[in-house]
Amino acid sequence: MSNRSFFLQRESLVGSDKLVLFCENRIVVKGDEFLWLQEQVIDLLPEDSEFLLVDHNGEHFVAAHTSEDIAEVVAAESRSLRSLLFIEGESDFSVAGKASQIMSWYRTHRYCGVCGSKTSQHEQQRALLCANCGEQYFPRINPCAIVLVTKGREILLARSARFKTGFYSCLAGFIEVGESAEDTVLREVKEESGVEVDNIRYVKSQSWPFPSQLMLGFHADYKSGDIVPEPGEIEEADFYDIDDLPAVPSPDISVAGELIQIYVEQVRKGEI
Ligand SMILES: [Zn+2]
């Protein structure tokens, strides 16, 4: 990757460019649509607006930010990224999630954390440079491990103190400094549920932009121990038969839902 643009000039935008518009930390949405064509809104954006290029699966998108309340002017509304999870297809949501994370990173790295000088865009990479001390800053993601723990036909599910009532999911936690993802699986399952697992295997991952997480999805077998929910973190945890599951996340929006769905299908097909 060389000599590429990370920002576009207003004059170089074309009518068919798809824009994701942010008003502060919210996305401007009209009905269920939030990808605007350049010609629909460009004249309404402030003169000094920056246009951020966002590549996603080979397609180009543009993200723009304004602190002016443009939503009202275009008879739209501004919504949180999280609320779009439930109205948009996976692809559009991914674009918005990526744009949101990159934009937020630029906003929070205007100055060098070492010497306090202003940073500037690296010529060849999505990075910010400090011309004074040479420090480089790259967009940061925070890895988390999420794990489906199974015991025969049963799945370990927990209700977090943070979830809305009645909603259950897999156990998960941030990977701490110095840990492997497998270390995190062992530690989080033990801390949150009291049980021990083995045969940990990686299944799949998902970008989760709240705010900048990478969820690494694992499957592990129950090994030993009684369930003891972690006070303050887990309100309830138990093993549930695949034919008698409580409300769980949709596989369309969350890797936890996918891990559950994959296992349930395997058991039903007799593969387990
Ligand atoms: Zn510096």
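The rules behind each value
- Residues numbered from 1 in each chain as written.
- Predicted model: local features only at pLDDT ≥ 70, side-chain atom pairs only at ≥ 80, totals over all residues.
- Heavy atoms only, no water.
- Helix = DSSP H or I, 4+ residues; strand = E, 2+ residues; numbered from the N terminus.
- Expected span 1.5 Å × (residues − 1).
- Buried < 20%, exposed > 50% of the residue type's maximum accessible area, 1.4 Å probe, protein only.
- Contact = heavy atoms within 4.5 Å.
- Polar contact = N/O pair within 3.5 Å; in protein donor to acceptor, adjacent residues only side chain to side chain.
- Donors = N, O, S within 2.8 Å, 3.2 Å for Na, K, Ca; no water.
- Tetrahedral: all angles 85-135°; square planar, octahedral: opposite > 155°, others 65-115°.
- Core = buried A, V, L, I, M, F, W, Y, C linked by side-chain atoms within 4.5 Å.
- Domains from an automatic or database assignment.
- Pairing = 2+ DSSP bridges.
- Buried area = accessible area lost by both parts, 1.4 Å probe.

Concerning helix α6 (residues 255–268)
Consideration 1: Look at α6: 20 Å from first C-alpha to last across 14 residues, which is about the 20 Å you get at 1.5 Å a residue.
Consideration 2: Regarding α6, the residues found buried are Val 255, Ala 256, Gly 257, Leu 259, Ile 260, Tyr 263, Val 264 and Val 267.
Consideration 3: Buried positions along α6 lie against β11 (142–151), β12 (154–160), β14 (196–208) and β15 (213–224).
Consideration 4: For α6, the N-terminal capping position is held by Ser 254, with its side-chain oxygen 3.1 Å away from the main-chain nitrogen of Ala 256.
Consideration 5: Downstream of α6 by a residue or two, Gly 270 has a phi angle that is positive, lying close to 80 degrees.

Structural notes on the coordination of the zinc ion
Consideration 1: The protein atoms that coordinate the zinc ion are Cys 112 (SG), Cys 115 (SG), Cys 130 (SG) and Cys 133 (SG), at distances of 2.3 to 2.4 Å.
Consideration 2: Coordination at the zinc ion is tetrahedral: its four donor atoms span angles of 99 to 118 degrees at the metal.
Consideration 3: Donor residues for the zinc ion, ordered by position in the chain, follow C-x2-C-x14-C-x2-C.

Considering the nonpolar core
Consideration 1: Core analysis: the largest hydrophobic core is formed by 46 residues, its most contacted members being Ile 27, Phe 34 and Ile 155.
Consideration 2: Ranked by residues supplied to this core, first place goes to helix α4 (residues 90–108) with eight residues.
Consideration 3: If you count residues domain by domain, this core takes at least three from each of domain 1 (7–108) and domain 2 (142–268).
Consideration 4: The contact partners of Ile 27, leaving out residues within four places of it in the chain, are Val 20, Leu 21, Phe 22, Phe 34, Glu 77, Ser 78, Arg 79, Leu 81, Leu 84 and Ala 96.

As for the pairing of strand β6 (residues 59–66)
Consideration 1: Inspection of the sheet shows strand β2 (residues 18–23) paired to β6 by five bridges, in the parallel sense. The partner of Leu 21 across the bridge, within β6, is Ala 64.
Consideration 2: Direction of pairing for strand β5 (residues 51–56) relative to β6: antiparallel, over a ladder of six bridges. Following the sheet pairing, Phe 51 is matched in β6 by Ala 64.
Consideration 3: Here β5 folds back onto β6, and the loop between the two strands holds two residues, one of which, Asn 57, carries a positive phi near 50 degrees.

Re the domain arrangement of the chain
Consideration 1: When cut into domains, the chain gives domain 1 (7–108) and domain 2 (142–268).
Consideration 2: Of the residues lining the interface, eight residues belong to domain 1; the matching set on domain 2 comes to eight residues.
Consideration 3: Carbon and sulfur atoms make up 68% of the area that domain 1 and domain 2 hide from each other, which totals about 690 Å².
Consideration 4: Contact with domain 2 buries area across many residues of domain 1, yet Arg 82, Leu 85 and Gln 101 alone supply 65% of it, more than any other trio.
Consideration 5: Remark: the boundary between domain 1 and domain 2 carries one residue pair in polar contact (both at pLDDT 80 or more).
Consideration 6: At the level of secondary structure, the elements contributing two or more residues to the side of domain 1 that touches domain 2 comprise α3 (81–84) and α4.
Consideration 7: When residues in the side of domain 1 that touches domain 2 are grouped by element, the largest group, four residues, is from α4.

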